[in-house]
Amino acid sequence: MPIVRPAASVALDGFELRVLRIPLVSPFTTSFGTEHVREVIVMRALTADGEGWGECVTGAAPLYSSEYTQSSWDVALRYLVPALLDRRRLAPEDVAGVLAPFIGHRMPKAGLELAVLDAALRAESRPLGEYLGAVRDRVPSGVSVGLQVDPRALVETVRGYLDEGYARIKIKIKPGRDVGDTAAVRDAFGAIPLQVDANSAYRLADAATLEELDRFDLLLIEQPLQEDDLVDHAALAARLRTPICLDESIVSVKAAADALALRAASILNIKAGRVGGYLEAVRIHDLAQDAGVPVWCGGMLETGIGRAANAALAALPGFTLPGDVSASARFYSRDIVTEPAVLEDGHVRVPTGPGLGVEVDPLALDEFTVAREILRR
Ligand code: SMG
Ligand code: MG
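Conventions used here
Residues numbered from 1 in each chain as written. Chains lettered and ligands numbered in written order. Predicted model: local features only at pLDDT ≥ 70, side-chain atom pairs only at ≥ 80, totals over all residues. Heavy atoms only, no water. Donors = N, O, S within 2.8 Å, 3.2 Å for Na, K, Ca; no water. Helix = DSSP H or I, 4+ residues; strand = E, 2+ residues; numbered from the N terminus. Buried < 20%, exposed > 50% of the residue type's maximum accessible area, 1.4 Å probe, protein only. Near = heavy atom within 4 Å. Polar contact = N/O pair within 3.5 Å; in protein donor to acceptor, adjacent residues only side chain to side chain. Areas by Shrake-Rupley, 256 points an atom, 1.4 Å probe, with all protein chains shown as cover. 1 Å grid on protein atoms, 1.4 Å probe; cavity = no way out; pocket = protein on both sides within 12 Å on 5 of 7 lines; lining within 4 Å. Sits in = over half its atoms within 2 Å of the grid points. Nonpolar A, V, L, I, M, F, W, Y, C, P; charged D, E, K, R; others polar. Lys, Arg positive; Asp, Glu negative; His and termini not counted. Salt bridge = Lys/Arg side-chain N within 4 Å of Asp/Glu carboxyl O. Contact = heavy atoms within 4.5 Å. Pairing = 2+ DSSP bridges. Axes fitted to C-alpha atoms, helices over the stretch in contact; angles between N-to-C directions. Phe/Tyr/Trp six-rings, centres within 6.5 Å; stacked < 30°, edge-to-face > 60°. Points joined across faces, edges and corners; volume = space filled by probe spheres on them. Domains from an automatic or database assignment.

Enquirer: Provide a residue-level description of the coordination of the magnesium ion (ligand 2), including the pertinent values.
Expert: Six octahedrally arranged donors around a metal ideally form angles of 90 or 180 degrees; four tetrahedrally arranged donors ideally form angles of 109.5 degrees. Distances from the magnesium ion (ligand 2) to its protein donors, Asp197 (OD), Glu222 (OE) and Asp247 (OD), fall within 2.0 to 2.3 Å. If you list the donors of the magnesium ion (ligand 2) from N- to C-terminus, the spacing comes out as D-x24-E-x24-D. Here Glu222 is found in strand β9 (residues 221-222), whereas its partner Asp247 is found in the loop between β10 (244-246) and α9 (253-261), with 25 residues between them in sequence. By the burial criterion, Glu222 is buried, and Asp247 matches it.

Here it is as structure tokens:
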């Protein structure tokens, strides 16, 4: 369902942007590298009616996508924030249009839109979930498990998450660490809901290896090939029984429509940051729902800000697979919100307070801040 009732406009006074560096409870390794610290930008919209918070999910280096902290910081301060501050009043639904002349940079655009949306909804005492069209008050919680030193260590790590009650396990794979790792988890835990994520580490020439994964009855294989390889993904999909799910390739509702038309994917991972905001994310959800294609909510190691918003998004009716919406404690011993997401019976609750429904903890925010800028009208 499209957004039924638009939010009220806000009178923007300025934006505060901060770069945070938050330590992870354990290193997170994917096919493109290992992170020990989450570097992230948070943005605060300052308005006549109060503030609102957003998060830009870029990491320190352009490894997941071409976007990274300094590209987002630069484009936001130089172009995006000034364009928004040029408007005396702004509705959240207008943010994407104001920012559209600037090509790409979807992650900082998404963070700024969320900050404006949060401010507008807080001023109206409306929860984000209700605004987006949530139909559930909690969402099943999946966990993304990074590459471990060996399959034995992987099994022990997965065991820990299953003991905590996670509803679905996703393991990261890369060439040389695929069939063996997947077999180890299947052998140890039987028919648990299991999927794998390659983060673009393969080429179509590796199809024979990926075909071997068919015997594990995975929910899906996520982004085996590169971001712009839609045609190759379609060729691969035709060879596999396991559904292909796209993550990095789905940068907009147009990209989602193209991928479905080409049969490059039969499941979509939706990440608001990657697609330029929660409103575009809802459009992709709607498109997929019309096409009968299952979607799930991806994660970018969000702080409590983005994690609250992701829980709201994942509560929309088309999100029929568990997402990477884990408890905050999966990544952080200290979050920047006062009510970090917790796991309850394998689920994460959708916040019900106004806007994001979580409050930022100013002391935690200061502890992790490494850069700060304020732009005013
Ligand atoms: O937030 O739980 C999370 C992380 C989920 O694996 C995850 N994200 O490709 O889906 C993905 C990765 C990208 C994050 S690496 C910065
Ligand atoms: Mg992924």
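Enquirer: If you had to explain the site of ligand 1 to someone new, which residues and values would you point to?
Expert: If you check the shell around ligand 1, you find 18 residues, and the closest are Ser144, Lys170, Lys172, Asn199 and Leu301. At 3.1 Å, a side-chain N or O of Asp197 approaches an oxygen atom of ligand 1. Here Glu222 contributes a side-chain N or O atom positioned 3.3 Å from an oxygen atom of ligand 1. Within the complex, 98% of the 440 Å² of free accessible area of ligand 1 lies under protein. Of the pockets mapped on this structure, ligand 1 occupies the largest pocket. Its residues assigned to classes, the shell around ligand 1 shows six nonpolar, three polar and nine charged.

Enquirer: Before we move on, could you go through the side chain of Glu113 and cite the residues and values that matter?
Expert: Structurally, Glu113 can be placed in helix α3 (residues 106-124). One buried charged residue, Glu113, forms no salt bridge at all, with the nearest opposite charge on Arg283 at 5.8 Å. For Glu113, the contacting residues outside a window of four places in its chain are Pro92, Val95, Ala96, Gly276, Gly277, Tyr278 and Leu279.

Enquirer: Pulling in residues and values, what's your account of unusual backbone geometry?
Expert: Unusually for a residue other than glycine, Asp217 sits at a positive phi of about 50°. Residue placement: Asp217 occurs in the loop between α7 (207-212) and β9. Here the phi dihedral of Asp345 falls at roughly 55°; this positive angle occurs in a residue that is not glycine. Relative to the helices and strands, Asp345 resides in the loop between α12 (304-314) and β13 (347-349). We classify Asp345 as exposed; its relative accessible area is 62%.

Enquirer: Tell me about the sheet that holds strand β12 (residues 295-297), and name the residues and values.
Expert: Reading across from one edge, β6-β7-β8-β9-β10-β11-β12 is the order of the seven strands in this open sheet, with parallel pairing throughout. The open sheet is flanked by β6 (142-145) and β12, the only strands paired with a single partner. One ladder, built from two bridges, connects strand β8 (residues 194-197) with β9; its direction is parallel. Bridged to Val196 within β9 is Ile221. Its contacts with the sheet put helix α6 (residues 179-189) on β7 (168-172) and β8, and the angle it makes with β8 is roughly 165°.

Enquirer: Summarise the packing of aromatic side chains; cite the residues concerned and give the values.
Expert: Going through the model one piece at a time under the given rule, you end up with four aromatic pairs. Centre to centre, the rings of Tyr161 and Tyr166 are 5.8 Å apart; their planes meet at 80°, and the pair counts as edge-to-face. With a relative accessible area of 10%, Tyr161 lands in the buried category. Under the relative-accessibility criterion, Tyr166 is labelled buried at 5%. Pairing Phe331 with Tyr332 gives two aromatic rings, centres 6.1 Å apart and planes at 50°, and the pair type is tilted.

Enquirer: Run through the layout of surface pockets, naming residues and quoting values.
Expert: The calculated volume of the largest pocket comes to roughly 550 Å³. Around the largest pocket sit 37 residues that line it, and Phe28, Phe32, Glu35, Arg38 and Leu301 are the ones nearest its centre. Elements with a minimum of two residues in the lining of the largest pocket: β1 (10-30), β2 (33-47) and β7. Residue contributions to the lining of the largest pocket peak at seven residues, all from β2. Here the residues of the lining of the largest pocket are counted per class, giving 12 nonpolar, 11 polar and 14 charged. Two domains each put at least three residues into the lining of the largest pocket: domain 1 (10-125 + 360-376) and domain 2 (130-349).

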